Amino acid sequence: KKAADLGMFLLKVPAEYGGVDVSEQCYCEILEELAKTPSEMGGILNHQNGAARMLAAAGTAEQKKWLFDRVITGECIAALGVSESCGCTNYPEWPNMGVTIGDEIVLNGTKIYQTFGLIAGVSCVSCRIDGNRAMIFVDLDSPGITRGEKVVHLHGDSPDDMCVIEFNDVHV
C-alpha cells in the first residue's frame, strides 16, 4: 500500500489512466536501486508494471479501467502465470487450458510457480485457449480458483509468495 501511495505502481501505466509512463531508462534505474534492497519490492513493482504494459498493449478500454484502477491504488497485486503443470514454459508443449463458450472463456488447468500467487488479486495468465496462444487477465477471487501452499525452492524459502494455482471451470 505504501508503494502505491508513493506512485510506484504508476510508472508504466499510460497517462490517460492516471499513470506517468516513465522512460525505459528511468524504469530500469528504479528497478536497479530496488534490487539492492533486501525486499520483494523490485519483483512486485516489475509484476505490477509488467501487467500494466501488457494491458496497455492489448486490453479493451473496460479491462484497462478495471485493472489500472486496482493496480494504481495498490488494491491488488498482479501475478504472472506462465509455467504449466507439465513443468515447462515451452509454449508448443502446453496443453489447452481454455475454451470459448459463447462470450466467455472457461479455464481448466494448473499454473505452477505462480509468482506472488498467494497475495495477488489478479493474474496475467499465459495459456492456450482453443489451441491458440493467449494472455488473459483473471480475477483470482473468481469461483473455481484454488491456491496451493507456498512453494519452497531448492535453495530455501521463496521470497515472493509463489504457489500453484488451479483453475476449475473458471469463467472469464
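Heads up: these notes are all about the structure in this document. This structure is a prediction, so every number in the text was calculated from the model and none was measured.

What counts and what doesn't
Residues numbered from 1 in each chain as written. Predicted model: local features only at pLDDT ≥ 70, side-chain atom pairs only at ≥ 80, totals over all residues. Heavy atoms only, no water. Helix = DSSP H or I, 4+ residues; strand = E, 2+ residues; numbered from the N terminus. Contact = heavy atoms within 4.5 Å. Buried < 20%, exposed > 50% of the residue type's maximum accessible area, 1.4 Å probe, protein only. Core = buried A, V, L, I, M, F, W, Y, C linked by side-chain atoms within 4.5 Å.

### Overview of the environment of L107
Item 1. Within the fold, L107 resides in strand β3 (residues 104-114).
Item 2. Spatially, the C-alpha atoms of L107 and V172 are 7.8 Å apart, while their sequence positions differ by 65 residues.
Item 3. Beyond its immediate sequence surroundings of up to four residues, L107 is in contact with M97, G98, C127, I136, V138, F167, N168, D169, V170 and V172.

### Thoughts on unusual backbone geometry
Item 1. The phi torsion at D21 lies on the positive side, around 45°, for a residue other than glycine.
Item 2. By the element assignment, D21 lies in the loop between α1 (2-5) and α2 (24-35).
Item 3. A positive phi angle, near 55°, is found at D169, a position not held by glycine.
Item 4. Relative to the assigned elements, D169 resides in strand β9 (residues 163-171).
Item 5. Residue classification places D169 among the partly exposed residues on the basis of a relative accessible area of 47%.

### Some details on the nonpolar core
Item 1. Grouped together as the largest cluster of nonpolar side chains are 26 residues, with contacts concentrated most on F9, L45, L67, F68, V122 and F137.
Item 2. Sorting elements by how many residues they give to this core places helix α3 (residues 41-58) first, with five residues.
Item 3. Residues within four places of F68 in sequence aside, it is in contact with V13, P14, Y17, A52, L55 and A56.
Item 4. By size, the runner-up hydrophobic cluster in this structure holds 15 residues, among which are M97, C127, I165 and V170.

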